Every structure is written in C-alpha cells, then in structure tokens.
Amino acid sequence: MNRAKSPHFRARPCRSTMSGAESETEPFVMIIFGGAGDLSRRKLLPALYHLFADCRLPADFLVYGIGRRPYTDRSYRELVSESLKAFVPDLYKAKTAREFAAHCLYEPGPSNDETLYQRLCARIQKDSKTRSNVLFYLAVPPALLPQIVSGLKKVLFCHALENSKIIIEKPFGQDRKTAHQLNAMLLDVFDENRIYRIDHYLGKETVQNILFFRFGNSIFEPLWNHKYIDHVQITVAEDLGIGHRGDFYEQTGVVRDLVQNHILQLLSLVAMEPPVGFEGNWIRDEKIKVYRSVRPVTGKTMDKNTVRGQYGPGRIRGISVPGYRGEDRVSRHSNTPTFFACRLFIDNWRWAGVPFYIRTGKRLPMQKSEIYIQFNQPPLKLFGPDSNALEPGGLMLSIQPEEEIALRLNVKYPGMGNRPHPVTMELNYTDAFGTVSRPAYERLLIDTIKGDLTLFARMDGVEAMWGIVDPIITWWDARPAGDFPNYRAGTWGPEKSDRLLQKDGRMWRNFENDQPGVT
Ligand code: BG6
C-alpha cells in the first residue's frame, strides 16, 4: 500500500483574515467516513479547502478519508484535487489545492471491519501530534451509523481519541422513536456536548441573522407578538425535483426531508423568546419551548390545517420536466408527498391566536426561502376611501437566493391628493457588505473544530421536532392520497394550499409580483 510518511507541515504564510479571532482554531484531525462520497466531494472538502485557502485552519491539521473504495493516500489526494476543480472552480488554485491535499490521507475498509478502527487509531497516533481535537464526520447513509459508532466505541479506549467529537448528518431517525434510539446509541459513546447534529440551514448567514436582527435592535421586538402581528409565513420553495435521489426520497417525503428539520428550525428562530445569553444551550433551551408550545395537529384537525401534494409533469422556465412518478427510482404509483403546507399555532403568551403558515415543495416555479411577518392593519381608516389602498405592513426576511431584509410600508404618494402608497425598504447583503455569504458548511465545520454547539441541533430538540410531525406523517401514511399528482411542476402547489389561507382571509406571498399576503 502506498502510504505517505507522517506529514509535517509548515505554517502557510497567511495574510490576516477578516476577523482575527476566527483563524484561531486548535490543531485537529478530521476523520470523514464516506470521505470519497458525494457529500465529501461536493461540500465538505471544498469547504475545508476554502477555509484553508483563507488561512482559517491551523498549520497542524489532518483529514482522513475512510471508505470502501481502495484509494491510497496518493490517489485520494488526486481525488481531492479533482473534486475541488469540479465543485469550486472559481476558488480553485492548483498550488493551494496541492498544499491542502497534502493534509489529506486515506484509510480503506468497510465500516463493519473492526481492524479498520484499530488501524485508524494507530495511524493517528503516528501521524499527528494532536490528541485532543479529533472529529469523526459520518458522511454516510443512516444505515451505517450503528456499525461505525460501535466500531468507534472500541477505539475510544485508544487514548488518542478520548474527548473526540462526532458530527452526523440528517436524517436523525425516521420518527421520534427511532431518533430516540439513535440518540441513545450516540450517548452510549459520546457526551451530548460532543455530538454535532448538522442542519445546514443553521449555517446559512441569513438564518443566523434572524436572532441578530430580532435581538440586536429594539425597534421590532416590542412589536413581535400577537398584538401587532397578523400572521407569519415561512416558504421554502425549490424549483428542482428530486434528481437522482429517488430511493431516498421515496422513503423520506417532504415532511421528513425538510419540515422536521430546516423549517422547524426557522420557526423556532422566529418565535423563540430572547435567550439568557448568546450561548448554544441557552439558545437551544428557548427553541425547545417553542416546539413544546406548538399546538398538535391531530386527526380531527388534520384536513383543516395541512395540505399534501405531489408534482405531475410540467414546465419550469420553459423547460418540460417529468412528474414525480416519472422520476428515476420512483414507484409509478408512489404516494410520497413532495409538497406540504400547513397552519400551525404556537400556544404561548406571545403568539396566542397568530397563525404560522408553512409551505415547501419540490418543482415549484422558483427557488425561494423567505420568512414573512405580516403586521396588523392600522386601527382606523384615516385616509377616507383611499385607505382601502393601505397594505398591511410586512417584513420579509429573505433567506435565499436573495439575501436581504425588506420592509413594506405605506407612504404618501407624491402629488396633490392624499393617496397612500406601499413602498419597500431593502437591505441587501451584497450591497451592504460587498461580499456574498460563505457556504453554510464552512461556518459549521469551523464551529465543530472550535467546539461551538450553538448552530447544531440538540437531542431533545430533534425529538421534539419529530413530535410535531409524527402525527401528520402517520395520518397520511394510513390514508393514501387519491388525487396524486395534484399539482403541475412549475406551479405553487395544489389549489388546496391557497384555500388554506383564503378561508382565513389571507393569501400566500406572491413572489412574482412581490405582493403581501392579504386578500
Ligand atoms: C436538504 C434536503 O436537506 O436540503 C434536500 O435533503 C433539499 O431535499 C435541500 O433540496 C435544500 O437545501 P438548500 O440549501 O438548497 O435550500
């Protein structure tokens, strides 16, 4: 086997980074199970490379790829370089990529092979001086988690790996029960404060900004409650279909894939109380309280409050696309939902009576994630008949692809009359900061290396989020939809989704003409 000598690195001559503090990470060893897989090649290695190129990594770090494929250290480094060239072409510089790849090593072996863990342990002890910051990243299908965790359990007795951390990707279980079992298995080996459950939405700059916006200004927080807010809408729309993930999606469906995690995280950030301080556990404590306060959607209220959909064939930006049942590795009679909308209530002091409308789906007309807060209409029609033109004020926190915050207000239309007119005040991230946000994985990886759990899901939070969606999934599974496919690709979902709001006298935000959500 071609094995490189123990690596010794000289510090990269780095200019100072944008924020000095961020470059101060401890030496680390990251072991990526699935190191040659899709997630690693597309996201993890590019993110580490960019951090390296930006001088945010210490001189002393190693990345081990682990996998079944028989790479050597040398051929793995070639794979790393090729992946960077393919997936971050704009940032790719051959010399920097070579320097980065020199930190990468590979250990082949199936994850059920006990000797893999012993070899790994011996290699780390030989290759690295680092004993205190070892991270295991499980970029593998969920079915492999138990054998890897049990393999690690044995090596943890290897003194080099004490205090190591584990990073896992969603799905965290298939329901509350399996999430609990997964947590128990992880906790058997790692303390909760060494388990990093990645929800990449939490690494997005615009998502992190929600708490800064809410608690860094005194303007909005006094209004942030049932007295001034009419309703909240959370949209996570995707124009993409399911790509080559038919097998995965058939097992998962939209609620497990996006609602149980990303959307409920957004909900908690919008709805939570101010935390005691800006510290991981305090923030996560407040999120849990939100999940506990969500009024359960159960059998009797299911039809009134939830809508499911599945896309049929259609056109997106003029291009014909197949329906879900025509996708690769999807049953021709599939009952899997690709669209979800619902109305939730948070039964606590702040939010009593305020509906939170949520919608998400594949093959909608555009990619758009946004949180929209609609304020109440003014109490009096002061401007006579022209008052009918008054729009309710609204705040748009746009998560992607536009990264911006916009406030919709009424002003006087210039001229002799007294006509109110809606205008929009906008803060665009690129205009304000002159830089585009960094990919979520960069922030999340740096935080795992530094040991900051703030942007990661905690065990009780994950289980509580399952508690919200489990009854919906169970109800639907027991009642196959007779009307699938019930929306055309390239439209905003089934008609029932519009009716969900219309019966409350409201409507979804219309992104095509940027209108607020009121009929
Ligand atoms: C993933 C889901 O977690 O998030 C995908 O599995 C989805 O189905 C993706 O497309 C959306 O992420 P983003 O960052 O593109 O909004």
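Residues numbered from 1 in each chain as written. Predicted model: local features only at pLDDT ≥ 70, side-chain atom pairs only at ≥ 80, totals over all residues. Heavy atoms only, no water.

Colleague: Describe the pattern of salt bridges, with residues and values.
Modeller: Within this structure, the stated rule accounts for 34 salt bridges. Glu107 is the salt-bridge partner of Arg119, the closest N and O atoms lying 2.7 Å from each other. One end of the pair, Arg119, is in helix H4 (residues 114–127); the other, Glu107, is in strand S3 (residues 104–108), and 12 residues separate them in sequence. Notably, a salt bridge pairs Glu495 with Arg499, separated by 3.8 Å at the nearest N-O pair. Taken together, the residues span about one helical turn, with Glu495 and Arg499 both in helix H14 (residues 495–502) at a distance of 4 residues. Overlapping salt bridges bring together Asp73, Glu107, Asp113, Arg119, Arg123, Lys126 and Asp127 as one network. (Salt bridge = Lys/Arg side-chain N within 4 Å of Asp/Glu carboxyl O. Helix = DSSP H or I, 4+ residues; strand = E, 2+ residues; numbered from the N terminus.)

Colleague: Explain the domain arrangement of the protein residue by residue, including any values.
Modeller: When its domains are assigned, the protein resolves into domain 1 (20–169) and domain 2 (202–410 + 454–502). Its C-alpha centre places domain 1 at a distance of 34 Å from the equivalent point of domain 2. (Domains from an automatic or database assignment.)

Colleague: Could you give an account of the sheet that holds strand S12 (residues 339–345), naming the residues involved and the relevant values?
Modeller: If you trace the 8 strands from one edge of the open sheet to the other, you get S8-S12-S13-S7-S14-S15-S16-S17, paired in mixed fashion. One side of each edge strand has no neighbouring strand; the edge strands of this open sheet are strand S8 (306–309) and strand S17 (420–428). Between one strand axis and the next, the sheet turns through 15° on average, direction left out of account. Direction of pairing for strand S14 (residues 368–375) relative to strand S15 (residues 394–400): antiparallel, over a ladder of 6 bridges. Looking at the pairing, Gln374 lines up with Gly394 of S15. (Pairing = 2+ DSSP bridges. Axes fitted to C-alpha atoms, helices over the stretch in contact; angles between N-to-C directions.)

Colleague: An account of the site of the ligand is requested, with residue identities and associated values reported.
Modeller: Inspection of the region around the ligand gives Lys170, His200, Tyr201, Lys204, Glu238, Arg245, Asp257, His262, Lys362 and Gln400 as its neighbouring residues. Between the ligand and the protein, one listed contact pairs an oxygen atom with a side-chain N or O atom of His262 at 2.7 Å. Note that an oxygen atom of the ligand is positioned 2.7 Å from one of the side-chain N or O atoms of Lys362. Here the ligand loses 78% of its free accessible area of 400 Å² to cover by the protein chains. Residues that form the shell around the ligand fall into these classes: 1 nonpolar, 3 polar and 6 charged. (Near = heavy atom within 4 Å. Polar contact = N/O pair within 3.5 Å; in protein donor to acceptor, adjacent residues only side chain to side chain. Areas by Shrake-Rupley, 256 points an atom, 1.4 Å probe, with all protein chains shown as cover. Nonpolar A, V, L, I, M, F, W, Y, C, P; charged D, E, K, R; others polar.)

Colleague: Talk me through the pairing of strand S2 (residues 61–67); I want residue IDs and the actual numbers.
Modeller: The buried fraction of S2 is high, at 7 of 7 residues. Neither face of S2 is open: one carries Phe61, Val63, Gly65 and Gly67, the other Leu62, Tyr64 and Ile66, and all of them are buried. Examined bridge by bridge, strand S1 (residues 28–33) and S2 share 6 bridges and lie parallel to one another. Following the sheet pairing, Val29 is matched in S2 by Leu62. Read from S1 through helix H1 (residues 38–53) to S2, the crossover connection turns out right-handed. Here S2 pairs with S3 via 5 bridges, running parallel. Bridging across to S3, Val63 finds its partner in Cys104. (Buried < 20%, exposed > 50% of the residue type's maximum accessible area, 1.4 Å probe, protein only. Right-handed = clockwise from strand over helix to strand, strands pointing away.)

Colleague: Could you give me a rundown of the environment of Met459, with the residues and numbers involved?
Modeller: Here Met459 is to be found in helix H13 (residues 459–477). Taking the relative accessible area as the measure of exposure, Met459 reaches 26% and is therefore partly exposed. Sequence separation between Met459 and Val134 is 325 residues; the distance between their C-alpha atoms is 21 Å. The contacts of Met459, once residues within four sequence positions are left out, are Asn183, Leu187, Glu192 and Arg197. (Contact = heavy atoms within 4.5 Å.)

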